[in-house]
Amino acid sequence: LHLAHQTGSVDLIKLLYKAIPNWPEFEDSCANDDRAGLPLEIGIHFDKMSEIELAETAPLTRRSLKLLIYQLPRCIPKFLQRMGADALNDIDLSEDGGDGEDGREDGRMDGKSIARFIEPEDIARLMRECPEAACALLDYCSLKPKVMSGHNPLPTRVSFAPRTWTQGLQKSLNLQNDLLVFHKEAEVWEYDTSNFTMPEWHSAITERKTPYNRKNHKEIVRDERRRRRMARRDAEIKVCHVPNLLTAEYFQAIIDASEADPAYARFDNDVVRSSIHYAFWHGACMYDVFQVAMSFWAVLILVFETCMLVFEEDVHVRDSRRLHPGSTWQAPKGEDLTDGGGCLLCDLHVATSWIAAKGLVDFLMEVLQFLGCYTMGQPTSYFTLGNIFDVFRSVAQQMLFWHPGSKIVNVVVIFCLWLRLLEVFSTAEKVARAILPIRDLAKGLAPALVVFSVGYFAFAHALFAIRDSNQPVWGQVFHDSFLTLITASIPEDSTHVSMDELCLCYLAVLMFSIFFLNIFIGVIGELYESEKGRSGLTFQELRAQSVLSFQLRAQILPSALCNATLAQVMASIIFCIIVGIQLFCVVTRWRLPHCEMIFTFLQLAMIVCVFQRPDEDWRSRDKGSVNKYLWICKPAPDGDEEAVSPLTLQEVGELLRELSLGNCEDNAACDNKTTLPAAPMMKKRNDRWEVSRQKLRER
């Protein structure tokens, strides 16, 4: 058998597999022999068999699947198709010899038995190397759950309507929200027959009662509207038997698979999409909203304090207070206030303190994210363009501690705060799918920008050479080049310009306004249409990145100090205290001692409250911990697609026989010169053929 794999003799391999009486014992002996190894491993090593041949001849055992995961993952989809085929295997290749916990009677392993020895690390490895194989394995391990009692059967029709105002807001801001996802310890559809009760989380799927009051007409109309919203739909419920799937390693692998899956096909998978959906709305969403809210409040308090200073009645009092040596206000070190430069910016004490404290907190969050990557064993995965920009943004805000009157620092901080507001669209798919194509245009504009840069510098160099003067390159030549090429302006007074320079300007304007401009318009149009077509998939990647950042920080921060409701109440109280302190300081112009440290501490307290999710421990689970499984409830496909079962060989024969008999009857009728008119006979034959074609098409 080893020699057959080494030489690539596929037919001989199949015969030898049938000749082995006890395959599990033979496979154990091969696995324990360091010199021989598994036959499949020999076939992979010597490269004499194609991937299709390896997938078709590999024994349907867990060792074969593990070997394919680590050495040849592209064979896994075909391997799983064999494992899930309806035809019975000629030989029992299950680990326990057939009917047992790890195999089925026909010698195959189902998704549940495979998931028992699949670790989240295996899924992460597969997702990085071959996302198609990872999605196929997740689909194979996702099955319809087993029902424990007939008193609580699995529902076939479920309402996906929102039940609370938060769910209604979530549904109104997102396009595809007909998805119910749960992360529970149960692996089966449980029911307590002694107390006739079902688990509490089942009510989110089985809820049928809608409040209906007959007190007055308004309540009746309102309840009728809610009854229509609660219209039920055919649903499909399945559970992914891979335990503890929602880990930081898993989401890191989803993001790292961009090179292996440039078309983002992995986000079309039900398990991948459901895992992102659950992890985002049960943790990462709150952190994103919190960051946007803090940035919005920073912009608001900055504008409010600026307006208070601009419209202050006695400006001279403010100036004397600034320069008076006995005043409680102290000028920052290194700031020159005598010339009036930066005076207003230096008076924005509350806003600058809040923004600088926020920059310090953001920098600490980046440190926690790096520590999470280090704990995960992948410290280099932190160094991405997005994380580097976040570090730059936090450092720029911290510069206000030392240079609150610097105009450059304030300009950079203002842009960073306003750009931070765009991150709220991770919770609003409708808005994000319109913005993401614009953001991703820069990825495809690099070739056009290179061509433009070459043309720009070539013209600037030619302009400098044709003038043959000692003009400063940056101050005059590049300025004139920008005016000519970008704004398409030519010298107004041509009498003071040489003919050579004038001809060069005419040529440059024609080239850039006709050639380069149209190239940019065409490239941008094509890129926008392309990015807009896959904006739904890129939006899922955006949420996956948000989930990964949240879970990496959750590896370090405590998340079980209190329940989520109490944490939200405490965060609201802290924010009210912050608002009260800041408004009092702005209105009364009172300088709070050590306000930077106070604001930093209060922001850290609110962030700790955001991470409080005792029901969802996002830290990496040990092997001895309780396993959790992902439950997915989604609308069932259309009846035409779901009701038709796969076409069997027997049905194919019957349909072909029907077609041939129909054709023979028509030919016999023509040969015997039947008395049927030609038109009815043709109609009868066409109807028979149409019915047969329709059956084949449905199958």
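**Things to note about the nonpolar core**
At step 1: Within the largest apolar cluster, 120 residues are counted, with the highest numbers of intra-cluster contacts made by Ile114, Leu137 and Leu138.
At step 2: Per-element accounting of this core gives the leading share, 18 residues, to helix H15 (residues 270-310).
At step 3: If you look at the next biggest cluster of nonpolar residues, it comprises 15 residues, including Val158, Trp189, Ile205 and Trp631.

**Focus on the pairing of strand S5 (residues 629-635)**
The two faces of a sheet get side chains in turn, since along a regular strand they alternate between them.
At step 1: Most of S5 sits inside the fold, with seven of its seven residues counted as buried.
At step 2: Judged from the five bridges that link them, strand S3 (residues 180-184) and S5 form a sheet pairing that is antiparallel. From the neighbouring strand, lysine 184 faces S5, where its bridge partner is tyrosine 629.

**Thoughts on unusual backbone geometry**
Leaving glycine aside, a negative phi is the common case for residues, and trans is the common case for peptide bonds.
At step 1: Backbone geometry at arginine 589 places phi at a positive 60 degrees, although glycine is not the residue there.
At step 2: Tracing the sequence through the fold places arginine 589 in the loop between helix H27 (564-588) and helix H28 (595-610).
At step 3: Of note in the backbone geometry, histidine 594 takes a positive phi value of approximately 55 degrees without being a glycine.
At step 4: For histidine 594, the location among the structural elements is in the loop between H27 and H28.
At step 5: With a relative accessible area of 63%, histidine 594 lands in the exposed category.

**What to know about the environment of phenylalanine 452**
At step 1: Within the secondary structure, phenylalanine 452 is located in helix H23 (residues 446-467).
At step 2: In this structure, the C-alpha to C-alpha distance between phenylalanine 452 and leucine 517, residues 65 residues apart in sequence, is 9.5 Å.
At step 3: Other than its neighbours up to four places away in sequence, phenylalanine 452 contacts Ile486, Phe512, Phe516 and Phe520.

**Examining the state of the cysteines**
At step 1: Per the counting criterion, the structure on display carries zero disulfides.
At step 2: Among the cysteines around cysteine 135, which has no disulfide bond, cysteine 130 carries the closest sulfur, lying 9.0 Å off.
At step 3: Judged by its relative accessible area of 10%, cysteine 135 is buried.

**Examining the pattern of salt bridges**
At step 1: Within this structure, the stated rule accounts for 23 salt bridges.
At step 2: Salt-bridge contacts for arginine 589 lead to glutamate 305; the nearest nitrogen and oxygen are separated by 3.4 Å. Here glutamate 305 lies in helix H15 and arginine 589 lies in the loop between H27 and H28, a separation of 284 residues in the sequence.
At step 3: You can call arginine 589 partly exposed: its relative accessible area is 26%.
At step 4: We classify glutamate 305 as buried; its relative accessible area is 0%.
At step 5: Across the pair glutamate 366 and arginine 553 runs a salt bridge whose closest N-O atoms are separated by 3.1 Å. Of the two residues, glutamate 366 is situated in helix H18 (residues 349-376) and arginine 553 in helix H26 (residues 535-554); the sequence distance between them amounts to 187 residues.
At step 6: The exposure class of arginine 553 is buried, given its relative accessible area of 5%.
At step 7: Salt bridges sharing common partners tie together Lys358, Asp362, Asp390, Arg393, Arg420 and Glu423.

**What to know about the packing of aromatic side chains**
At step 1: Inspection of the entire model under this criterion finds 20 aromatic pairs.
At step 2: Here the aromatic residues Phe452, Tyr456, Phe457, Phe512 and Phe520 are joined through ring pairs into a cluster of three or more.

**Some words on H28**
At step 1: End to end, H28 covers 23 Å across 16 residues, agreeing with the expected 22 Å (1.5 Å per residue, within 8%).
At step 2: If you follow the buried residues of H28, they end up packed against H15, H18 and H27.

**Comments concerning the packing of helix H4 (residues 39-46) against helix H6 (residues 62-71)**
At step 1: Running from amino to carboxyl end, H4 crosses H6 at an angle of 25 degrees, the nearest separation of the two axes being 10 Å. Between H4 and H6, the angle is such that the two are roughly parallel. Note that H4 runs across H6; the crossing there is right-handed. Listed contacts from H6 to Leu40, Glu41 and Ile44 of H4 are Ser64, Leu67, Leu68 and Gln71.
At step 2: Partitioning the contact of H4 with H6 into residue classes produces four nonpolar, two polar and one charged.

**Looking at the packing of H23 against helix H25 (residues 499-533)**
Helices that pack against each other are described as a pair by the angle of their axes relative to one another and the distance between those axes.
At step 1: At a minimum axis distance of 11 Å, the contact between H23 and H25 shows a crossing angle of 175 degrees. Taken together, the axis directions place H23 and H25 in an arrangement best described as roughly antiparallel. Counting all contacts with H23, which are made through Ala448, Leu449, Val451, Phe452, Gly455, Tyr456, Phe459, Ala462, Leu463, Ile466 and Arg467, the residues of H25 involved are Asp500, Glu501, Leu504, Cys505, Ala508, Phe512, Phe516 and Phe520.
At step 2: When the residues that make up the contact of H23 with H25 are grouped by side-chain class, the tally is 15 nonpolar, one polar and three charged.

**Some words on a nonpolar patch on the surface**
At step 1: A cluster of nonpolar side chains, contributed by Phe363, Leu364, Val367, Phe370, Leu371, Phe383, Val395 and Ile556, occupies part of the molecular surface with about 600 Å² of accessible area.
At step 2: Among the elements that make up the nonpolar patch, the one with the highest residue count is H18 (five residues).
At step 3: Relative to the helices and strands, phenylalanine 363 resides in helix H18.
At step 4: Residue classification places phenylalanine 363 among the partly exposed positions, given a relative accessible area of 30%.

**Overview of helix H2 (residues 10-19)**
At step 1: Looking at H2, one finds that the buried residues are Val10, Ile13 and Tyr17. Along the long axis of H2, the arc covered by the buried residues comes to 55 degrees, so they all point the same way. Residues of H2 that are exposed and angled more than 90 degrees away from the buried face: Asp11, Leu15, Lys18 and Ala19.

**Section: the side chain of serine 142**
At step 1: Following the sequence through the fold, serine 142 ends up in strand S1 (residues 142-143).
At step 2: The exposure class assigned to serine 142 is buried, which follows from its relative accessible area of 8%.
At step 3: A polar atom in the side chain of serine 142 sits 2.7 Å from the backbone oxygen of leucine 138.
At step 4: With near-sequence residues (within four places) excluded, serine 142 lies in contact with Lys238, Val239, Cys240 and Val271.

**Focus on the side chain of serine 64**
At step 1: Its place among the elements puts serine 64 in helix H6.
At step 2: Looking at serine 64, its side chain comes within polar contact range of the side chain of threonine 61, at 3.1 Å.
At step 3: If sequence neighbours within four positions are ignored, serine 64 has contacts with Glu27, Leu40, Pro59 and Phe79.

**Brief notes about the environment of valine 509**
At step 1: When you line up the elements, valine 509 lands in helix H25.
At step 2: With relative accessibility at 15%, the residue valine 509 sits in the buried group.
At step 3: With 24 residues separating them in the primary sequence, valine 509 and leucine 485 have C-alpha atoms 5.9 Å apart.

**Regarding the confidence of the model for the protein chain**
Caution is warranted with low-pLDDT regions, since their predicted coordinates should not be read in detail.
At step 1: Across the protein chain, the average pLDDT comes to 79, with 77% of residues at or above 70.
At step 2: Between residues 209-217, whose pLDDT stays under 50, and residues either more than four places distant or in other chains, the model counts 13 contacts.

About the cut-offs
- Residues numbered from 1 in each chain as written.
- Predicted model: local features only at pLDDT ≥ 70, side-chain atom pairs only at ≥ 80, totals over all residues.
- Heavy atoms only, no water.
- Core = buried A, V, L, I, M, F, W, Y, C linked by side-chain atoms within 4.5 Å.
- Buried < 20%, exposed > 50% of the residue type's maximum accessible area, 1.4 Å probe, protein only.
- Helix = DSSP H or I, 4+ residues; strand = E, 2+ residues; numbered from the N terminus.
- Pairing = 2+ DSSP bridges.
- Contact = heavy atoms within 4.5 Å.
- Disulfide = S-S within 2.5 Å.
- Salt bridge = Lys/Arg side-chain N within 4 Å of Asp/Glu carboxyl O.
- Phe/Tyr/Trp six-rings, centres within 6.5 Å; stacked < 30°, edge-to-face > 60°.
- Expected span 1.5 Å × (residues − 1).
- Axes fitted to C-alpha atoms, helices over the stretch in contact; angles between N-to-C directions.
- Parallel < 35°, antiparallel > 145°, perpendicular 65-115°, else oblique.
- Left-handed = near helix turned anticlockwise from the far one by under 90°.
- Nonpolar A, V, L, I, M, F, W, Y, C, P; charged D, E, K, R; others polar.
- Patch = residues over 30% accessible without salt bridge, like charges linked within 9 Å, V, L, I, M, F, W, Y side chains within 5 Å.
- Areas by Shrake-Rupley, 256 points an atom, 1.4 Å probe, with all protein chains shown as cover.
- Arc of directions from axis to C-beta.
- Polar contact = N/O pair within 3.5 Å; in protein donor to acceptor, adjacent residues only side chain to side chain.
- pLDDT = per-residue confidence, 0-100.

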